[in-house]
Amino acid sequence: MVKRGSSIGFFGMFGRSQDLRRLDAALREAGLHPVQVSEGAKLAAVGLMAGRAADPPATAYPPVGALMAYCALGEEAFARENGGERLSETRGRLEAALEAGEGLDAEIILLMLHANLVHPELVERYDIRAEEG
């Protein structure tokens, strides 16, 4: 589900919606250039966030951006960009989400998996895969 009002812009004539600008900023802050994540994946992430709160506060975006960056960059590159404390926190969120199998973090990880954006090291280490059925 895509949040109503989310906009990627159109030929530079219309600007990106605030939610996508916030997610782009959160991705950059976590060391992942936003162009490395498809617009479809970003729209889906914003939609997942909107499913929890109709208008997520600005503070909701950095944790989502960090988890997306961790998935895409892998542990080593994420640690280089963010330091050990943020690595530990984000790794813990990934592990908790995989254990629980539900919640926003689990949905973000599944989204990244379907977008083929989970680092191979993480796929192997945590045996990340989508269950069919």
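Residues numbered from 1 in each chain as written. Predicted model: local features only at pLDDT ≥ 70, side-chain atom pairs only at ≥ 80, totals over all residues. Heavy atoms only, no water.

Peer 1: Help me get a handle on the overall build of the protein chain, residues and values and all.
Peer 2: Across its full length, the protein chain carries five helices and zero strands. Put simply, the protein chain has 133 residues, and 41% of those count as buried. At a minimum sequence separation of 6, the contacts of the protein chain that also span at least 24 residues come to 63%. Put simply, the protein chain shows about 7,600 Å² of open surface, and 52% of that area lies on carbon and sulfur atoms. (Helix = DSSP H or I, 4+ residues; strand = E, 2+ residues; numbered from the N terminus. Buried < 20%, exposed > 50% of the residue type's maximum accessible area, 1.4 Å probe, protein only. Contact = heavy atoms within 4.5 Å. Areas by Shrake-Rupley, 256 points an atom, 1.4 Å probe, with all protein chains shown as cover.)

Peer 1: Kindly report on the packing of helix α2 (residues 39-52) against helix α4 (residues 104-114), identifying the contributing residues and their values.
Peer 2: When two helices pack together, you describe them by how their axes are tilted relative to each other and by the distance separating the axes. One way to put it is that α2 packs onto α4 with a least axis distance of 10 Å and a crossing angle of 165°. When the axes of α2 and α4 are compared, the pair comes out roughly antiparallel. For the element pair α2 and α4, the recorded crossing hand is right-handed. Residue-level contacts link Ala41, Ala44, Ala45, Leu48, Met49 and Arg52 of α2 to Leu104, Glu107, Ile108 and Leu111 of α4. A breakdown of the residues in the contact of α2 with α4 according to their chemical character gives eight nonpolar, no polar and two charged. (Axes fitted to C-alpha atoms, helices over the stretch in contact; angles between N-to-C directions. Parallel < 35°, antiparallel > 145°, perpendicular 65-115°, else oblique. Left-handed = near helix turned anticlockwise from the far one by under 90°. Nonpolar A, V, L, I, M, F, W, Y, C, P; charged D, E, K, R; others polar.)

Peer 1: For the side chain of Arg93, give the residues involved together with the corresponding values.
Peer 2: The residue Arg93 is located in helix α3 (residues 61-100) in this model. By relative accessible area, which is 17% here, Arg93 ends up buried. If sequence neighbours within four positions are ignored, Arg93 has contacts with Pro63, Val64, Ala66, Leu67 and Asp105.

Peer 1: Pulling in residues and values, what's your account of the pattern of salt bridges?
Peer 2: Tallied over the full model, the rule gives ten salt bridges. The closest approach of N and O atoms between Arg129 and Asp127, which form a salt bridge, is 2.2 Å. Each of Glu75, Arg91, Glu121 and Arg125 takes part in salt bridges that share partners, so that together they form one network. (Salt bridge = Lys/Arg side-chain N within 4 Å of Asp/Glu carboxyl O.)

Peer 1: Give a detailed account of unusual backbone geometry, specifying residues and quantitative values.
Peer 2: The phi torsion at Asn116 lies on the positive side, around 60°, for a residue other than glycine. By the element assignment, Asn116 lies in the loop between α4 and α5 (120-126). Classification of Asn116 by relative accessible area gives exposed; the value is 68%. The backbone of Asp127 shows a phi angle near 50°, a positive value even though the residue is not glycine.

Peer 1: Tell me about the nonpolar core, and please be specific about residues and values.
Peer 2: Counting 36 residues, the largest nonpolar core has Leu23, Met68 and Phe78 as the members making the most contacts within it. Put simply, the parts of the chain that give this core at least two residues each are α1 (18-29), α2, α3, α4 and α5. In terms of residue count, the dominant contributor to this core is α3 (14 residues). Once residues lying within four places of it in the same chain are set aside, the contact partners of Leu23 are Lys42, Ala45, Val46, Tyr61, Val64, Gly65 and Met68. (Core = buried A, V, L, I, M, F, W, Y, C linked by side-chain atoms within 4.5 Å.)

Purely geometric stuff here, so don't read any function into it on its own.
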